[in-house]
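# A closer look at the structure
Residues per chain, in single letters:
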Amino acid sequence: MTAFSDIRFFPAVGSTNDVAATLPEGAVVVADEQTAGRGRRGHTWFSPPGSGLYVSVVLAPSRSVDPRRATSLTTIAAGVALADGIEAATGLRVRLKWPNDLYVARRKLGGILAEASESVVVGYGINIGEASYPPELRDRVTSLESELGRLPSRDDVLAETLAAMSARYDDLLAGRFDAILNGWRARANAAGLAVEWDGPNGRRSGRVVDIGDDGALLVKSGCAVERIVAAELTWL
Ligand code: BTN
């Protein structure tokens, strides 16, 4: 099992992903606060001190028996790992929204930002405690504290998510891709869901068929099945 034993804690950083990008495979960066936390698609990630988990892990999917497929499935594997780890630490079952957002009902609990250079930095944020979210987020996000009715231990959530990340990373390296895809299917429950997204030719809608071998979302729209590789998905 890949051990993430080089864990570096910081009281505050700009973004844990930037610190991790300078470190070797297996390194982990954890911060209590981020002053320039990044989300996907140019969003900022609200990262106040004391209430969230902000973590980045350095992976090298290029070492896999099938580097191309492992690289394309890295963020899917990371999403499954976080869902596994949160359930192990707290008993809460979270739902994955393609590709790898963590949801409870219609509220976002956490997210993943993977950034590739020589290695792949997988950064994840999980809302642990109730915080004073900015007004534009207030109705759309949740925290483990809100969902559980108690504040869980941030250390437990960190330990279990890292253990699960290590197990799923081993799946990637060994080419156990079906285990990852089946894990995603079980936690996304996506087949048949009505969804909307912005395609190159405007707003599209359809019903989810499945996830593809490379992590693309397969959606039936009209008579055709479309492969969504990168887009912000809306559940209808
Ligand atoms: C998203 O859903 O938009 C992705 C959010 C990813 C946030 C995490 S927090 C740790 C790491 N450092 C960052 O700057 N972003 C990721």
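Below is a summary of the structure that appears in this document. (Residues numbered from 1 in each chain as written. Predicted model: local features only at pLDDT ≥ 70, side-chain atom pairs only at ≥ 80, totals over all residues. Heavy atoms only, no water.)

This part covers the overall build of the protein chain. Tallying secondary structure elements over the protein chain gives seven helices and 12 strands in all. Since a compact globule built from 236 residues should have a radius of gyration of about 18 Å, the 17 Å found for the protein chain is in line with a globular shape. Projected onto its principal axes, the C-alpha positions of the protein chain cover 55 × 45 × 30 Å. When the 236 residues of the protein chain are sorted by exposure, 50% land in the buried category. Taking as baseline every contact in the protein chain between residues at least 6 positions apart, the subset at least 24 positions apart corresponds to 57%. Here the protein chain displays about 10700 Å² of accessible surface, and carbon together with sulfur accounts for 50% of that area. Between the centroid of the 26 positive side chains of the protein chain and the centroid of its 29 negative side chains there is a distance of 6 Å. (Helix = DSSP H or I, 4+ residues; strand = E, 2+ residues; numbered from the N terminus. Rg over C-alpha atoms; globule rule 2.2 N^0.38 Å. Buried < 20%, exposed > 50% of the residue type's maximum accessible area, 1.4 Å probe, protein only. Contact = heavy atoms within 4.5 Å. Areas by Shrake-Rupley, 256 points an atom, 1.4 Å probe, with all protein chains shown as cover. Lys, Arg positive; Asp, Glu negative; His and termini not counted. Charge placed at Lys NZ, Arg CZ, Asp CG, Glu CD.)

Let us look at the sheet that holds strand E4 (residues 95-97). Sheet architecture is open: seven strands sit in the order E1-E2-E3-E7-E6-E5-E4, paired in mixed fashion. Strand pairing shows two members of the sheet lacking a second neighbour, strand E1 (7-13) and E4, which therefore form its edges. Looking at each pair of strands side by side, their axes are set apart by 20 degrees on average, direction ignored. Here strand E3 (residues 52-59) runs beside strand E7 (residues 120-127); their pairing, made up of eight bridges, is antiparallel. Counterpart to glycine 52 in the pairing with E7 is asparagine 127. Its contacts with the sheet put helix H3 (residues 74-90) on E3, E4, strand E5 (101-104), strand E6 (107-116) and E7, and the angle it makes with E6 is roughly 140 degrees. (Pairing = 2+ DSSP bridges. Axes fitted to C-alpha atoms, helices over the stretch in contact; angles between N-to-C directions.)

Helix length check: helix H7 (residues 177-188) (12 residues) gives 16 Å between terminal C-alpha atoms against 16 Å at 1.5 Å per residue, within 8%. Taken residue by residue, H7 has Phe177, Ile180, Leu181, Gly183, Trp184, Arg187 and Ala188 as its buried positions. Down the axis, H7 shows its buried residues gathered within 155 degrees of arc, on one side only. Note on H7: the residue one or two positions beyond its end, asparagine 189, has a positive phi of about 50 degrees. (Expected span 1.5 Å × (residues − 1). Arc of directions from axis to C-beta.)

With that settled, the discussion passes to the sheet that holds strand E11 (residues 224-228). The strand order across the open sheet built from five strands is E11-E10-E9-E8-E12, with neighbouring strands paired in antiparallel fashion. In this open sheet, the two edge strands, each paired with only one partner strand, are E11 and strand E12 (233-235). On average, each strand axis in the sheet is inclined to that of its neighbour by 45 degrees, with strand direction left out of account. In terms of strand pairing, strand E8 (residues 194-199) meets E12 through three bridges, oriented antiparallel. From the neighbouring strand, tryptophan 197 faces E12, where its bridge partner is leucine 233.

With that settled, consider the packing of helix H6 (residues 154-174) against H7. Packed helix pairs are specified by the crossing angle of their axes together with the interaxial distance, meaning the distance between the axes. Between H6 and H7, whose axes approach to 8 Å, the crossing angle comes to 135 degrees. Relative to H7, the element H6 lies oblique. Facing H6, whose interface residues are Arg168, Asp171 and Leu172, H7 presents Phe177, Ala179 and Ile180. Of the residues assigned to the contact of H6 with H7, the class counts are four nonpolar, no polar and two charged. (Parallel < 35°, antiparallel > 145°, perpendicular 65-115°, else oblique. Nonpolar A, V, L, I, M, F, W, Y, C, P; charged D, E, K, R; others polar.)

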